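Below, each chain spelled out in residue letters.
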Amino acid sequence: MTGAASPHPLRSRLRSLRPAAFGADPAGERMERIRRSPNFADGVFQNPLGARTRPSGSTLEFAKIYFQKEARRHRGPVAPVPLHAATLADLAKPPASGLRLTWMGHSSVLAEIDGRRVLFDPVWGQRCSPFPFAGPKRLHPVPLPLASLGPVDVVVISHDHYDHLDLPTIQALASTDTQFVVPLGVGAHLERWGVSEGRLRELDWNESTQLDGLRLTATPARHFCGRGLRNQQHTLWASWVVEGPSGHRVYHSGDTGYFPGFKEIGAEHGPFDATMIQIGAYSQYWPDIHMTPAEGMDAHLDLQGGRPHGVMMPIHWGTFNLALHPWAEPGEWTKDAAEEAGQTAAFPLPGQPFEPAGNVPTDPWWRAVSHPIQHPWRRPTSLEAPAETRSSGLDLAGDR
């Protein structure tokens, strides 16, 4: 009833003081829909396969690895990360094949599909953090200002962690006409930041929506959620399948650990012209919720029916330091895994558009700006880093 007093005035007052970057908790009909979800049980969203979401191991062990001087040196580039210089001019030309991908860094990808423009997990902010003065900072600038990107038909969000859902970026996009397609519950954050309910579509796993000829389907992922001090697991995480009107299909993994569901997603929705697969910020301390490069390649092959097909583009690496492995190791090890599998993998510079059906960028550009990287299955040469510099460990920033 309008004007009625809150039954919990102190709780409401504390909620109003919460930083805007924390977003908002689902409530009302949105929360009722969450409770009805087949993926919600015992008060939280459940993973398709059991997953430990908190780091295992000793805090002291994490600290030793984190502060080890030589290892820290390898967690950042030795020179500026190269950016593609002609992003704006290249995007002005329509893709000849009807499908073009532009990696903007980390998990942010502009996918042009049959004349529609889909922006996955856009993060243009300087830090993936609730605070502008602390938290992981970009290792390279954004390739293109958001205002120069041009019209976007739909923004797709995989989950609500700070390196995938960025307050300043969403606020900037809220002033445009773009539509937003997000996992169940994430709409509460967007509404608090100025996105109207009419521009939001929230999907549970295996639900689809049609937008201007595009079919977007939320598919399962093995991860978790949370932005505030309390992680209530009341917003869903998802991977995404997008199909264009001419039949082009792409897959974006969001954040996920490896699980057998990739085969089911591929059987239901594949094969794909291209997959965008998370291969960074992995660690032996949280093996259930992020994939290694080898697991990422296995996931791609599962999605393609068990054989090399299409193009695999690694994401979730190279832009933010979110784990303890060397910053360029995910790219190097993905290249190894692709060569071993006979699978085409794309390694564009940040901001470099390419068409999966055309000339796919494969040069290991990171080698010019990184320390030497040891390969996992062979002895280090004199040019490669010693094994102790490859330690993986805890993401002390809290966004795993």
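Numbers given for residues are sequential positions, taken from 1 along each chain in its written order. It should be noted that, the model being predicted, local features are given only for residues of pLDDT at least 70 and side-chain atom pairs only at 80 or more, the latter also being counted only at that level, while totals for whole chains, interfaces and linings use all residues. Only hydrogens and water are set aside; all other atoms, that is, all heavy atoms of the structure, feed into the side-chain values.

Some words on the overall build of the chain
- Of regular secondary structure, the chain possesses 10 helices and 15 strands.
- The cut-offs for exposure are 20% and 50% of the maximum accessible area for each residue type, with area from a 1.4 Å probe on protein chains only; residues under the lower value are buried, those over the upper are exposed, and the others partly exposed. Within the chain, buried positions represent 56% of all 400 residues.
- Contacts spanning at least 24 positions in sequence make up 70% of the contacts within the chain whose residues lie at least 6 apart.
- Surface exposure here means Shrake-Rupley accessible area, sampled with a 1.4 Å probe, where a residue is shielded only by the protein chains that are shown. Of the roughly 16800 Å² that the chain leaves accessible, carbon and sulfur atoms contribute 53%. Strands are runs of DSSP state E lasting at least two residues, helices are runs of H or I lasting at least four, and both sets are numbered from the N terminus onward. We call two residues in contact when some of their heavy atoms are within 4.5 Å.

A few points about the pattern of salt bridges
- What counts as a salt bridge is simple: a side-chain nitrogen of Lys or Arg found within 4 Å of a carboxyl oxygen of Asp or Glu. Tallying each qualifying case throughout the model produces 11 salt bridges.
- Between Glu207 and Arg33 there is a salt bridge whose closest N-O contact spans 2.8 Å. Here the residue Glu207 occupies a position in the loop between β8 (200-203) and β9 (208-211), and Arg33 occupies one in helix α2 (residues 28-36), the gap between them amounting to 174 residues.
- Overall, the relative accessible area of 31% leaves Glu207 in the partly exposed class.
- Look at Arg33 and you get partly exposed, because its relative accessible area is 28%.
- In the salt-bridge network here, residues are joined through shared partners; they are Arg30, Glu191 and Glu202.

A word on helix α6 (residues 167-174)
- Burial in α6 covers these residues: Leu167, Thr169, Ile170, Leu173 and Ala174. Projection of α6 onto a plane perpendicular to its axis shows the buried side chains occupying an angular sector of 165 degrees, all on one side.
- Considering only its buried residues, α6 is in contact with β5 (116-120), β6 (154-156), β7 (179-183) and α7 (187-192). Within this analysis, the arc is defined by the directions that extend from the helix axis to the C-beta atoms.

Section: empty space enclosed by the protein
- Only protein atoms enter the 1 Å grid used here. Points where a 1.4 Å probe fits but cannot escape make up a cavity, open sets with protein on both sides within 12 Å along at least five of seven lines make up a pocket, and a residue lines them when an atom lies within 4 Å of a point. Grid points are joined across faces, edges and corners, and a volume is the space filled by probe spheres set on the points. Inspection of the entire model under this criterion finds two cavities of 30 Å³ or more.
- Estimated volume of the largest cavity: approximately 100 Å³.
- Residue classes in the lining of the largest cavity are distributed as eight nonpolar, six polar and one charged.
- What lines the second largest cavity is simply His74, Pro326, Trp327, Ala328, Ser370, His371, Pro372 and Ile373.
- Under the grouping applied here, Gly and all other residues not named as nonpolar or charged are polar, the nonpolar ones being Ala, Val, Leu, Ile, Met, Phe, Trp, Tyr, Cys and Pro and the charged ones Asp, Glu, Lys and Arg. In the lining of the second largest cavity, the residues fall into five nonpolar, three polar and no charged.

Interpretation note: all reported values are geometric properties and have no functional meaning in isolation.
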